[in-house]
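# Architecture and fold: a report
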Amino acid sequence: MSFRCSETVSLVLCTLLLRCGIVMAQQPCRSTVFVTVFDQNTNQPIDGLTANDFHPKFRGRELLIRAVGSAPPERRIVFVLDRSGSMTYTSDEAPFGHYDSNSLVKLALGDALSDVPSSDSVAFLAFAGQYSSHTEFMQPAVALERMPEMLKWNAEGKGYRTRTALWDNLDSALRMLIPYKSGDLIVVISDGGDNLSSLPEGKVRDELLYANVPIMAMIMPPPG
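Conventions and cut-offs
Residues numbered from 1 in each chain as written. Predicted model: local features only at pLDDT ≥ 70, side-chain atom pairs only at ≥ 80, totals over all residues. Heavy atoms only, no water. Helix = DSSP H or I, 4+ residues; strand = E, 2+ residues; numbered from the N terminus. Buried < 20%, exposed > 50% of the residue type's maximum accessible area, 1.4 Å probe, protein only. Contact = heavy atoms within 4.5 Å. Areas by Shrake-Rupley, 256 points an atom, 1.4 Å probe, with all protein chains shown as cover. Pairing = 2+ DSSP bridges. Core = buried A, V, L, I, M, F, W, Y, C linked by side-chain atoms within 4.5 Å. Expected span 1.5 Å × (residues − 1). Axes fitted to C-alpha atoms, helices over the stretch in contact; angles between N-to-C directions. Phe/Tyr/Trp six-rings, centres within 6.5 Å; stacked < 30°, edge-to-face > 60°. Lys NZ or Arg CZ within 6 Å of the ring centre and 35° of its normal.

### Points about the overall build of the protein
For the protein, the helix and strand inventory stands at six helices and nine strands. Counting every position in the protein, which comprises 224 residues, the buried fraction comes to 43%. Contacts spanning at least 24 positions in sequence make up 73% of the contacts within the protein whose residues lie at least 6 apart. Roughly 12400 Å² of accessible area belongs to the protein as shown, and the carbon and sulfur atoms make up 51% of that amount.

### Observations regarding the pairing of strand 7 (residues 131–134)
Both strand 6 (residues 121–128) and strand 7 contribute to a ladder of four bridges, which runs antiparallel. Counterpart to A128 in the pairing with strand 7 is Y131. Remark: two residues form the turn of the hairpin made by strand 6 and strand 7, two consecutive strands paired antiparallel; G129 in that turn has positive phi of roughly 60°.

### A closer look at unusual backbone geometry
With omega at -5°, the peptide bond leading from I178 into P179 counts as cis. With respect to the helices and strands, P179 occurs in the loop between helix 5 (166–175) and strand 8 (185–190). Located in the positive-phi region is N212, a residue other than glycine, with phi close to 60°. For N212, a relative accessible area of 39% gives the class partly exposed.

### Notes on the nonpolar core
F79, L81, L109, L113, F124, V187 and I189 are the most contacted members of the largest nonpolar core, which totals 24 residues. Where this core is concerned, the elements lending two or more residues are strand 3 (76–82), helix 3 (101–114), strand 6, helix 4 (140–152), strand 8 and strand 9 (215–219). Those residues in contact with L109, other than ones at most four positions away along the chain, are F79, L81, F124, M147, L151 and I189. Counting 20 residues, the second largest nonpolar core, distinct from the first, contains L166, I186, V188 and I215.

### Concerning helix 3
Compared with an ideal rise of 1.5 Å per residue, which puts 14 residues at 20 Å, helix 3 spans 20 Å between its outermost C-alpha atoms and is within 8% of the ideal. For helix 3, the complete set of buried residues consists of S101, V105, A108, L109, G110, A112 and L113.

### A short note on the sheet that holds strand 6
If you trace the five strands from one edge of the open sheet to the other, you get 7-6-3-8-9, paired in mixed fashion. Since the sheet does not close on itself, it has two edges, and those belong to strand 7 and strand 9, each with one partner. Neighbour-to-neighbour, the strand axes of this sheet turn through a mean angle of 15°, independent of strand direction. By the bridge criterion, five bridges tie strand 8 to strand 9 in an arrangement that is parallel. What sits directly across from S190, in strand 9, is I219. Across the face of the sheet, helix 5 comes into contact with strand 3, strand 6, strand 7, strand 8 and strand 9 while running at roughly 155° to strand 8.

### Examining the packing of aromatic side chains
Counted according to the given criterion, the structure contains one aromatic pair. Here the aromatic rings of F79 and F124 are separated by 6.3 Å at their centres, their planes lie at 45°, and the arrangement is tilted. In this pair, F79 is assigned in strand 3 and F124 in strand 6, connecting sequence segments 45 residues apart. With respect to burial, F79 and F124 carry one shared label: buried. It is R76 that lies over the ring of F137; its NZ or CZ is 5.7 Å from the centre.

### Overview of the pairing of strand 3
Taking burial as the measure, the seven residues of strand 3 include seven buried ones, the bulk of the element. In strand 3, alternate side chains face the same way, and those of R76, V78, V80 and D82 on one face and I77, F79 and L81 on the other are all buried. Strand direction decides the pairing type here: strand 3 and strand 6, joined by seven bridges, are parallel. Each bridged residue has a counterpart across the sheet, and for F79 the counterpart in strand 6 is F124. Of the strand pairs in this sheet, strand 3 and strand 8 are connected by five bridges, and their pairing is parallel. The residue of strand 8 that forms the bridge with F79 is V187.

These figures come from the coordinates and say nothing about function on their own.
Put into structure tokens, the structure is as follows:
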């Protein structure tokens, strides 16, 4: 992913560490964050940055960055798409007028895929209720072409459209990356709710920390 100013980098760092930040007082939180910083005047990447060049904060507290290293030559990214009822909601009676969650997801996913370097590979995992569908890894350009297909996937007629098994499917996404490699990343697009998972949040969090696979969360706002 590419970000063009220090303020944006700080925001993304906080977003990636959001789930860990909740348990920071209980145990140390490890995370690897992938960023590219651009010079606003030349539009060229800035190399040679150190940990002292970044000053991210979360809830008013400065986060500790232990080291800044070179990016891996290629990465694998799993996009986890929440297609439960709350994420496929469309209404003309929302408090602020017409609300179309599918359009918001399409915009967010399209922007993210467009930023993935051609050297990386991408896979999708879409889920609703106890059902899911996933792809093999592919080039970002191919993933962009297949995006509409994945957004049309749903579990209609199976009786679980309104339920969300977020933690179970994050665990499934992690398993898609076995054996783990440096640079692996999970990007989840969801509203963050879970009312169906059999796995507890803490177990999935511990597995992610053990695998050293970070999560980038794109949280869709509720219509209110």
